[in-house]
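Structural overview
Spelled out from the first residue to the last, the chains are:
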Amino acid sequence: MGTPSLSPWAVLVLALVLVGLWAPCVVSRQPNFIVILADDVGWGDLGANWAETKETPHLDQLAAEGTRFVDFHSAASTCSPSRASLLTGRLGVRNGVTHNFAISSVGGLPLNETTLAEVLREAGYSTGAIGKWHLGHHGRHHPNSRGFDFYFGIPYSHDMGCTDSPGYNLPPCPPCPRHGAAARVARKDCYTEVALPLFENVTIVQQPVELGSLASHYVEEVARFIQQASDSGCPFFLYLALAHMHVPLTPPLPPGPGKGIYGASLSEMDALVGRVKELADSHGRGNTLLWFAGDNGPWAQKCELAGRLGPFVGAWQRQRGGSSAKQTTWEGGHRVPALAYWPGRVPAGRTSHALLSVLDIFPTLVALAGAALPPSRSFDGLDVSPVLFGWSDVGHKVLLHPNSGAAGQVGAIEALRLAQYKAFYTTGGALACDGSTGPAERHQPPLIFNLERDMQEQEPLDMASSEYQAVLPAISRAYAQALQDIAADNVSVADYSQDPAAIPCCSVQLLGCRCRGAAPDPHVEKRSPRLCL
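A quick note: this is a predicted structure, and the numbers were derived from the prediction, not measured. (Residues numbered from 1 in each chain as written. Predicted model: local features only at pLDDT ≥ 70, side-chain atom pairs only at ≥ 80, totals over all residues. Heavy atoms only, no water.)

Structural notes on the confidence of the model for the protein
Looking at the protein, pLDDT values average 91 and 90% of them are 70 or higher. Per-residue pLDDT stays below 50 along residues 1–24; that stretch engages in 16 contacts with residues further than four places along the chain or on separate chains. Scored below 50 in pLDDT, residues 518–533 makes 38 contacts in the model with residues more than four places away or belonging to other chains. (pLDDT = per-residue confidence, 0-100. Contact = heavy atoms within 4.5 Å.)

Overview of the side chain of His396
The topology assignment puts His396 in the loop between α11 (385–388) and β13 (398–402). Under the relative-accessibility criterion, His396 is labelled buried at 10%. Reaching out from His396, the side chain makes a polar contact with the side chain of Asp360 at a distance of 2.7 Å. Excluding residues within four positions of it along the chain, His396 makes contact with Leu355, Leu356, Ser357, Asp360, Asp380, Gly381 and Leu382. (Helix = DSSP H or I, 4+ residues; strand = E, 2+ residues; numbered from the N terminus. Buried < 20%, exposed > 50% of the residue type's maximum accessible area, 1.4 Å probe, protein only. Polar contact = N/O pair within 3.5 Å; in protein donor to acceptor, adjacent residues only side chain to side chain.)

Points about the pattern of salt bridges
Pairing is possible between side chains that carry opposite charge, provided their charged atoms lie close to one another. Taken as a whole and assessed by the stated rule, the structure comprises 26 salt bridges. The partner of Glu467 in a salt bridge is Arg453, with the nearest N and O atoms 2.8 Å apart. Placement of Glu467 in helix α12 (residues 466–487) and of Arg453 in the loop between β16 (441–450) and α12 is noted, with a sequence separation of 14 residues between them. Taking relative accessible area as the criterion, Glu467 reaches 22% and is therefore assigned partly exposed. The exposure class of Arg453 is exposed, given its relative accessible area of 58%. Among the charged side chains, a network of salt bridges with common partners joins Asp71, Glu331, Arg335, Arg417, Lys422 and Glu457. (Salt bridge = Lys/Arg side-chain N within 4 Å of Asp/Glu carboxyl O.)

Topic: the packing of helix α6 (residues 214–232) against helix α7 (residues 261–282)
Packing of α6 against α7 leaves a shortest axis separation of 10 Å and a crossing angle of 10°. Taken together, the axes of α6 and α7 lie roughly parallel to each other. Contacts between α6 and α7 pair Ala215, Val219, Val222, Ala223 and Ile226 from the former with Glu268, Leu272, Arg275, Val276 and Leu279 from the latter. For the contact of α6 with α7, the class distribution of residues is 8 nonpolar, no polar and 2 charged. (Axes fitted to C-alpha atoms, helices over the stretch in contact; angles between N-to-C directions. Parallel < 35°, antiparallel > 145°, perpendicular 65-115°, else oblique. Nonpolar A, V, L, I, M, F, W, Y, C, P; charged D, E, K, R; others polar.)

Describing the environment of Asp454
Looking at the secondary structure, you find Asp454 in the loop between β16 and α12. On the accessibility criterion, Asp454 (12% relative accessible area) is buried. In this structure Asp454 touches Phe449 and Glu459, once residues within four positions along its chain are discounted. Engagement of the side chain of Asp454 in a polar contact is seen with the backbone nitrogen of Gln458, the distance being 2.9 Å.

Quick notes on the packing of aromatic side chains
If you walk through the whole model with that rule in mind, you get 19 aromatic pairs. Seen in terms of ring centroids, Trp133 and Phe148 are 5.9 Å apart; in terms of plane orientation they differ by 85°. Their pairing is edge-to-face. Taken together, the residues Trp133 in the loop between β4 (126–131) and β5 (150–153) and Phe148 in the loop between β4 and β5 connect sequence positions 15 residues apart. A single burial state applies to Trp133 and to Phe148, both of which are buried. Pairwise contacts between aromatic rings join Trp133, Phe148, Phe237 and Tyr239 into one cluster. The ring of Trp299 is capped by Lys302, whose NZ or CZ atom sits 4.7 Å from the centre of that ring. The lysine or arginine in question, Arg345, covers the ring of Phe389, its NZ or CZ lying 4.6 Å from the ring centre. (Phe/Tyr/Trp six-rings, centres within 6.5 Å; stacked < 30°, edge-to-face > 60°. Lys NZ or Arg CZ within 6 Å of the ring centre and 35° of its normal.)

What about the side chain of Ser232?
Among the secondary structure elements, Ser232 is positioned in helix α6. Looking at Ser232, the relative accessible area reads 13%, which means it is buried. There is a polar contact of 3.1 Å between the side chain of Ser232 and the backbone nitrogen of Cys234.

A word on the environment of Leu59
Looking at the secondary structure, you find Leu59 in helix α2 (residues 57–65). We classify Leu59 as buried; its relative accessible area is 1%. Measuring from C-alpha to C-alpha, the distance between Leu59 and Asp270 comes to 6.1 Å, with 211 residues separating the pair along the chain. Those residues within four positions of Leu59 in sequence are excluded, and the remaining contacts are Leu46, Met269, Asp270, Val273, Phe292 and Leu339.

Thoughts on the state of the cysteines
Per the stated rule, a full pass over the model turns up 5 disulfides. Between the sulfur of Cys173 and that of Cys190 lies a disulfide, 2.0 Å long from S to S. Taking the sign of the S-S torsion, -85° for the link of Cys173 and Cys190, the bridge is left-handed. On the criterion of sequence distance, the pair formed by Cys173 in the loop between β5 and β6 (198–200) and Cys190 in the loop between β5 and β6 is long-range, its members being 17 residues apart. With a relative accessible area of 21%, Cys173 lands in the partly exposed category. A sulfur-sulfur distance of 2.1 Å marks the disulfide that ties Cys303 to Cys433. Taking the torsion about the sulfur-sulfur bond, which here is approximately 110°, the covalent link between Cys303 and Cys433 counts as right-handed. A residue pair is termed long-range when its members are at least 10 positions apart, and Cys303 in the loop between β9 (288–294) and α8 (315–320) and Cys433 in the loop between β15 (421–427) and β16 qualify at 130 residues. (Disulfide = S-S within 2.5 Å.)

Structural notes on unusual backbone geometry
A cis amide bond links Gln207 with the next residue in sequence, Pro208, at an omega value of 10°. Looking at the secondary structure, you find Pro208 in the loop between β7 (203–206) and α6. Along the chain, His244 connects to Met245 via a cis peptide bond; the corresponding omega equals 5°. Structurally, Met245 can be placed in the loop between β8 (236–241) and α7. For Asn201, which is not a glycine, the phi torsion comes out positive at approximately 55°. Within the secondary structure, Asn201 sits in the loop between β6 and β7. The phi dihedral of Cys513 falls on the positive side, at around 60°, and the residue is not glycine. For Cys513, the position within the fold is in the segment after α12.

So, the sheet that holds β16
Read from one edge to the other, the open sheet built from 4 strands follows the order β13-β14-β15-β16, with strand pairing classed as antiparallel. For this open sheet the edge positions go to β13 and β16, each flanked by a neighbour on one side alone. Taking the axes of each pair of neighbouring strands and ignoring which way they run, one obtains an average angle of 20° across the sheet. Against the sheet, α12 makes contact with β13, β14 (413–418), β15 and β16, and its axis sits at roughly 120° relative to β16, the strand it touches most. (Pairing = 2+ DSSP bridges.)

Here's what the structure looks like:
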């Protein structure tokens, strides 16, 4: 048989594609998505939520031009599980990610779990992740293998590696070792031997990271990604996972008048979000949904370097010692600030009281993209498009809260929300600023608070009261049904094994895995255009 001949036009198109000068993409009416996830940010860190906060004018403007969700929750109150739930729409007891991965972790988010990026890329989206990953960096767990066409950022929290300018932390951590430096005793809670790496796709471009310029590098990469996606004609999904407000804090120095270290860092984060909003508006205003949320509440043991809880102080726990913020199932651990902005689609100046979760981002964006949820598994998130567009203010009937490093079994469901009621089956076990952890206590029957009257979680209902007796059966049924549903689901198991060979290192010959080069020049284009089909 002879070889089929190509028309001159087909030959030209093929040549342009092969040299990367043309990226064919069907012009789509699918919306663009930008999800910004702030780290360790408190509900009260948003001025629109808490009048005492003055450092967030851009976020407050975002709230004024969009919708503010005041009963919005992270899916876990620590880093890896919260992020895994955002990208799968499933709790850690389903997706297998129940606690944080280490710098030497071999595994990550289980490979049989389908990420939001994978679903959207299949639907025709350009996909990018910028910032902190913390879902496994070794082998096929890297973001480029989990649905993201482009990645620029750090593989885990930026306190999990030394830097030359360590910033502000409690306890303070030393800089990276250098040749000829005297031997020193490793400090508890400080990573002193391996420098923090910065990745561009699978390549380490800087080690240690220069923390003071990380925010500006992120903005540059956001601008580049949005521009390239817009040029291609494809819709895009950008997942921007900020280093703010996790320690170490590295604010521009000196802090402005009346601002401490935390306030100055919060101002820097606010300005970064404001710049991302400008970039989104400059490339198709009205066709981009921007969703801002926190990954969990403030890290209380960091004292003045931790965020603001607002009214959600977990007073019952505080009276007994221990934290009621990050790692816990108290409201301060998982109720986070959340905003949605989409001119012409999301109502401006609206406050929603619907019970929502970061779990809802996955099914909502999938629905808005016209895609389908992955089969053969259950989802904890909901498509909350009606709430997003102001047609409804009804969210979850029941919301589950797992243990994220406090008392109890890691990943286990230790608290449950039903309407305005919240039940605790385990409390205590998280470190507070004063060094206390509070006694680990198991509650059977559970402690129940009415958050409508007691958002400070100060006084549980009297177990002998008619209110407690009326709501307990409904809570018990909801809890039992949730556990049965999880047990019957297609549940994944994450590999938490460790191997020193999995530690990211650009030069094993140099102390601390130090790279000789500097960060990449943001003005030099190294990436070839993506072929968008």
